[in-house]
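Structural description and commentary
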Protein chains: 2
Amino acid sequence: MRTVRLTKESTKDILENLLKRSPNNYGKFEAAVADILANVKEKGDEALFSYTKEFDKVEVTADTIRVTEAEIQEAYEAVDASLLEVIRKALVNIRSYHEKQRQNSWFTSTENGTMLGQKVTPLNRVGVYVPGGKAVYPSSVLMNIVPAKVAGVPHIVMTTPPGKDGKVNPSTLVAAKEAGADEIYKVGGAQAIGALAYGTASIPKVDKIVGPGNIFVALAKKAVYGHVSIDSIAGPSEILVLADETANPHYVAADLLSQAEHDEMASAILITTSTELAQNVEKEIDGYLKVLSRREIIEKSLENFGYILIAEDMDEAIDAANEIASEHMEIVTKNAFEVMMKVRNAGAIFIGEYSSEPLGDYFAGPNHVLPTNGTAKFFSALSVDDFIKKSSIVYYSRSALKEIHKDIIQFAISEQLTAHANSIAVRFEDEDKKEEP
Amino acid sequence: MRTVRLTKESTKDILENLLKRSPNNYGKFEAAVADILANVKEKGDEALFSYTKEFDKVEVTADTIRVTEAEIQEAYEAVDASLLEVIRKALVNIRSYHEKQRQNSWFTSTENGTMLGQKVTPLNRVGVYVPGGKAVYPSSVLMNIVPAKVAGVPHIVMTTPPGKDGKVNPSTLVAAKEAGADEIYKVGGAQAIGALAYGTASIPKVDKIVGPGNIFVALAKKAVYGHVSIDSIAGPSEILVLADETANPHYVAADLLSQAEHDEMASAILITTSTELAQNVEKEIDGYLKVLSRREIIEKSLENFGYILIAEDMDEAIDAANEIASEHMEIVTKNAFEVMMKVRNAGAIFIGEYSSEPLGDYFAGPNHVLPTNGTAKFFSALSVDDFIKKSSIVYYSRSALKEIHKDIIQFAISEQLTAHANSIAVRFEDEDKKEEP
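All values derive from a computational prediction rather than experimental measurement. (Residues numbered from 1 in each chain as written. Chains lettered and ligands numbered in written order. Predicted model: local features only at pLDDT ≥ 70, side-chain atom pairs only at ≥ 80, totals over all residues. Heavy atoms only, no water.)

A few words on the packing of aromatic side chains. In total, this model carries 19 aromatic pairs over all chains according to the counting rule given. The interplanar angle of 40° and the centroid separation of 6.1 Å between the aromatic rings of F428 of chain A and Y354 of chain B together place this pair among those described as tilted. In this pair, F428 of chain A sits in the loop between helix 17 (418–425) and helix 18 (429–435) while Y354 of chain B sits in the loop between strand 13 (348–351) and helix 15 (357–362), so the two residues belong to two different chains. What links up through ring pairs into an aromatic cluster is the set Y225, F378 and F379 of chain A together with Y225, F378 and F379 of chain B. Its end group placed over the ring of F387 of chain A, K208 of chain A keeps NZ or CZ at 5.9 Å from the ring centre. Positioned over the ring face of F305 of chain B is R21 of chain B, at 5.4 Å from the centre of the ring. (Phe/Tyr/Trp six-rings, centres within 6.5 Å; stacked < 30°, edge-to-face > 60°. Helix = DSSP H or I, 4+ residues; strand = E, 2+ residues; numbered from the N terminus. Lys NZ or Arg CZ within 6 Å of the ring centre and 35° of its normal.)

So, on to the pattern of salt bridges. Residue and element names in this part refer to chain A. Overall, the coordinates contain 47 salt bridges over all chains when judged by the stated rule. When the shortest N-O distance is used, the salt bridge between R88 and E178 registers 2.9 Å. Here R88 is found in helix 5 (residues 81–99), whereas its partner E178 is found in helix 7 (residues 170–179), with 90 residues between them in sequence. Under the relative-accessibility criterion, R88 is labelled partly exposed at 42%. Residues joined in a network through salt bridges with shared partners are R5, E312 and E316. (Salt bridge = Lys/Arg side-chain N within 4 Å of Asp/Glu carboxyl O. Buried < 20%, exposed > 50% of the residue type's maximum accessible area, 1.4 Å probe, protein only.)

Domains assigned within chain A are domain 1 (2–22 + 235–365), domain 2 (25–230) and domain 3 (397–435). Just the C-alpha atoms count here: the centres of domain 2 of chain A and domain 3 of chain A sit 48 Å apart. (Domains from an automatic or database assignment.)

With that out of the way, let us pick up the interface of chain A and chain B. Accessible area lost upon the coming together of the parts serves often as the stated size of an interface. Listed as interface residues are 119 residues of chain A and, on the opposing side, 121 residues of chain B. The junction of chain A with chain B conceals about 10,400 Å² of combined surface from both sides, 59% of it contributed by carbon and sulfur atoms. Summed over the shared surface of chain A and chain B, the number is six salt bridges. Among the ionic pairs, K89 of chain B bridges to D407 of chain A, the shortest N-O distance being 2.8 Å. Among the elements that make up the side of chain A that touches chain B, the one with the highest residue count is helix 16 (residues 398–414) of chain A (nine residues). Classifying every residue of the side of chain A that touches chain B gives 60 nonpolar, 35 polar and 24 charged. One ladder, built from four bridges, connects strand 14 (residues 388–396) of chain A with strand 13 of chain B; its direction is parallel. (Contact = heavy atoms within 4.5 Å. Buried area = accessible area lost by both parts, 1.4 Å probe. Nonpolar A, V, L, I, M, F, W, Y, C, P; charged D, E, K, R; others polar. Pairing = 2+ DSSP bridges.)

Residues and elements named next belong to chain B. Burial runs high along strand 11 (residues 306–310): five of the five residues are buried. The two faces of strand 11 match: G306, I308 and I310 on one face and Y307 and L309 on the other face are all buried. Bridge count for strand 10 (residues 267–272) against strand 11 is five bridges, and the pairing is parallel. Counterpart to I269 in the pairing with strand 11 is Y307.

Here we come to the side chain of S274 of chain B. Residue and element names in this part refer to chain B. Inspection of the secondary structure assignment puts S274 in the loop between strand 10 and helix 11 (275–289). A polar side-chain atom of S274 sits 2.9 Å from the main-chain amide nitrogen of L277. Other than its neighbours up to four places away in sequence, S274 contacts D244 and E245. (Polar contact = N/O pair within 3.5 Å; in protein donor to acceptor, adjacent residues only side chain to side chain.)

Packed helix pairs are characterised by how far apart their axes lie and by the angle those axes make with each other. Residues and elements named next belong to chain B. Across the interface, helix 2 (residues 30–43) lies against helix 8 (residues 189–198) with an axial gap of 9 Å and an inter-helix angle of 45°. Between helix 2 and helix 8, the angle is such that the two are oblique. Once helix 2 is placed against helix 8, the crossing between them reads as right-handed. When helix 2 is examined against helix 8, the residues V33, I36, L37, V40 and K41 are found in contact with a partner set consisting of A190, Q191, I193, G194, A195 and Y198. Among the residues making up the contact of helix 2 with helix 8, the classes are represented as eight nonpolar, two polar and one charged. (Axes fitted to C-alpha atoms, helices over the stretch in contact; angles between N-to-C directions. Parallel < 35°, antiparallel > 145°, perpendicular 65-115°, else oblique. Left-handed = near helix turned anticlockwise from the far one by under 90°.)

Feature annotation in UniProt places "binding site: substrate" (unreviewed entry) on S237, Q259, H262, H328, D361, E415 and H420 of chain A, given in this structure's numbering. Spatially, the listed residues are scattered: they cover 184 residues, and their C-alpha atoms lie as much as 56.1 Å apart. For Q259 of chain A, the location among the structural elements is in helix 10 (residues 249–260). Judged by its relative accessible area of 0%, Q259 of chain A is buried. Mapped onto the elements of the fold, D361 of chain A is located in helix 15 (residues 357–362). On the basis of relative accessible area, D361 of chain A is assigned to the buried category, the value being 7%. When sequence neighbours within four positions are dropped, the list of residues in contact with D361 of chain A reads S139, M143, Q259, H328 and H368 of chain A together with H420 of chain B. (UniProt positions renumbered as here; feature names shortened; annotations may be inferred.)

Attention now goes to the environment of D313 of chain B. All names here are of chain B. With respect to the helices, strands and loops of the structure, D313 is situated in the loop between strand 11 and helix 13 (314–324). Here the alpha-carbon distance between D313 and K434, two residues 121 residues apart in the chain, equals 74 Å. There is a polar contact of 3.3 Å between the side chain of D313 and the backbone nitrogen of D315. A distance of 2.9 Å separates a polar atom in the side chain of D313 from the backbone nitrogen of E316.

Mapping chain A onto chain B calls for a rotation angle of 180° and an axial translation of 0.0 Å; the resulting RMSD is 0.0 Å. Within this description, the copies of the chain are treated as partners about a two-fold rotation axis. Most of the interface of chain A is mirrored in chain B, where 100% of its interface residues are also at the interface. (Least-squares fit on C-alpha atoms with pLDDT ≥ 70 in both.)

Moving on, we come to the packing of helix 10 (residues 249–260) of chain B against helix 11 of chain B. Residue and element names in this part refer to chain B. Put simply, helix 10 and helix 11 touch, their axes get as near as 8 Å, and they point 60° apart. Taken together, the axes of helix 10 and helix 11 are oblique relative to one another. Judged by the twist between their axes, the crossing of helix 10 over helix 11 is right-handed. In this structure, helix 10 contributes P249, H250, V252, A253, A254, L256 and L257 to the contact, and helix 11 contributes L277, N280, V281, E284, I285 and Y288. In terms of residue class, the contact of helix 10 with helix 11 is made up of ten nonpolar, two polar and one charged.

Below, the discussion takes up the environment of D45 of chain A. All names here are of chain A. Structurally, the position occupied by D45 is in helix 3 (residues 45–56). Along the chain, D45 and V60 lie 15 residues apart, while their C-alpha atoms are 9.9 Å from each other. Filtering out sequence-adjacent residues up to four positions away, D45 remains in contact with T200, A201 and S202.

Right, let's get into the sheet that holds strand 1 (residues 2–5) of chain B. Adjacent strands of a sheet form backbone hydrogen bonds with each other and so pair up, either parallel or antiparallel. With respect to topology, nine strands assemble into an open sheet ordered 2(A)-3(A)-14(A)-13(B)-12(B)-9(B)-10(B)-11(B)-1(B), the strand pairing being mixed. Taken across any chain shown, the strands that pair with only one partner, and hence form the sheet edges, are strand 2 (106–110) of chain A together with strand 1 of chain B. With direction set aside, neighbouring strand axes in the sheet form an average angle of 20°. Inspection of the sheet shows strand 12 (residues 328–332) of chain B paired to strand 13 of chain B by four bridges, in the parallel sense. Paired with M329 of chain B across the strands is I349 of chain B, a residue of strand 13 of chain B. Contacts from helix 10 of chain B reach strand 9 (238–243), strand 10 and strand 12 of chain B within the one sheet, and its direction differs from that of strand 9 of chain B by about 165°. Against the sheet, helix 11 of chain B contacts strand 1, strand 9, strand 10 and strand 11 of chain B, and its axis sits at roughly 150° relative to strand 10 of chain B.

Here it is, written out as structure tokens:
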């Protein structure tokens, strides 16, 4: 954790350091990922099974790749009843928040016979990638599936790498079932992304792929973008706490560490107008480090990407926060709502000293899949918006088109698109001829 | 133009043929584009000027790269007054349609002190790419700039390659000024995309790049995706006319040709339940070909990617149309509105025999930047949505957090994220300790 006086220069240096974590800088794996994708596209299931054997050390076949109802029942028996209850409580909140994101088709019309509108349709098939490995995040399963379900996507296909026993982690399966996954397949890595993008005999092609993953998964998603849609490319987690002298250093330090524990590339930043708070937060961090189980990860993350920035005043602090555009932002200041109004760039904004970031990871309802690595300048949280698309609707009556047909013809001719002009002209050629002197 | 009996097999073959036009299949130019981008990122203006000399045969400098107010005034003098009037009329419609796409920030709250919401913020800087060359499309300038302007983007930066005289086409400049571009630069190709993505001394970095371009521009946009945002990757234009025996073959043929004239990769498809209509449309096309100025392009486009598909009934026709997911779709049938309700996948839907596709290109108001190449299954028309982003808002009072804090702690611990659990626990540690027996 470095303490730095905030200036334009220091902000620029910090931004450069943070951007080192971007998946855009991992070009060296691109060729390997391209190979895997090409192989899956060409050989389908055969390639999938062979990569699963190579990378996950598990034999899957066309008969075992799809998770069965019996396996799901087994998972329910293995999961702690009280965790299941918490998952269900969280689901109520997550669904309720995402239901407010639903968008309606709309139209406007005139009596002269014009109707313009926008028709909202859910995507037909969505693929949700869930990482495997030691860390198991049922909350992430909920956050990726619920918005698709609320959007009305009829086919939600999940893929996740099997463990060495050939099984999927029970809490992952239970979360998937509770959230509403329709089909679950035991395959991970770039090969899973290839299967979802191109389809194989066992796994259906989807229209969009979402969900977090390692660098191979991220690069594979980027490579298939355009052929299918993807969510934004996720980087390591981030928190930025904007605090003044009214903040409780005990809480601020705990919140910074809650993101630093994610992985060594995670970033925790405090921007404050109070030198005293800065010092106290540092002390508190040292205290927590002695007791927290993920100490090694936290220490590396703080060393590489942790900052305490001292700002001259709150406006300067907010400007820097807008430049950094953090995934998570906590505002722990006087008049925190007023400060929020000045924040342009942040994935999620947590206001006040009891809105600790983990509240949003699990429970409050907003999605925890958020733009990282400065992309909050142009990307948003995963939402129902990601699982719908809109078709423009245009209806003009004969009289409505007649009124403006000469304007369209002139515009088309100015662009030398004579067949465009012709398609309007033919509809009025008889009467336009009569009009001519 | 091939006439084919519609079957699952023939639909599949047609889809495969159409997908050949995808920019995903132009990997051979990727290395050249990567070179240009790397050069612009490293050398900035110097690289820009040198590429502009190489590709556009024009010397630009830091003093001349930005279009001046005097050049814009000159453009106004060069443009036909009646075209300017048409541009202004079209702008009224385009603005009015896009204003209906505006989205509001929202929140919900409870008396226990929870507030959840979504804050909508426009992007700060947007880059609009406008192609140069012989074909000049002021309509495209309007369609790319207006939604950004309506969204409230404060800085709209346009780039377009200069002609050999070092100037930008006057109608392009006039359209840009009318639509509300803030800065205009004379640079094109992959180098312009690099400048917008990374920034140079002359050209500011933007948050998102939109606008059509050749294969170099498309690949460059794909390459910088993630570092900045981009619009969907545009392929060649497409029209699909869904018609029954009530359709006028004279109009249908004219509409098919209006898209075929765009370029040799464009696709025009008629799906009809009427063999008679199919035959008459073919005859009409032959008639038009004799008189249309872009005959050569049209003939090649029809030969490569033109189809007349005969369907058994309207449901089969609609299913195939949903599979093809065309950029533009015209419905010229009995009960056209009912047919529209069954259409899931199309960029824009034109209903009835007077809603000819060019009406949407220029005048009606909906955006003419639409998803191509089957991507209407998951992408939408360019819209105000492309120029905003959303931040989640979370506020919980002490008592609201207290009520659920143990659930969050349990969820976090089940994911082995102890620092997450800690950040909630520290807020209630004193009273939780008291509660213990």
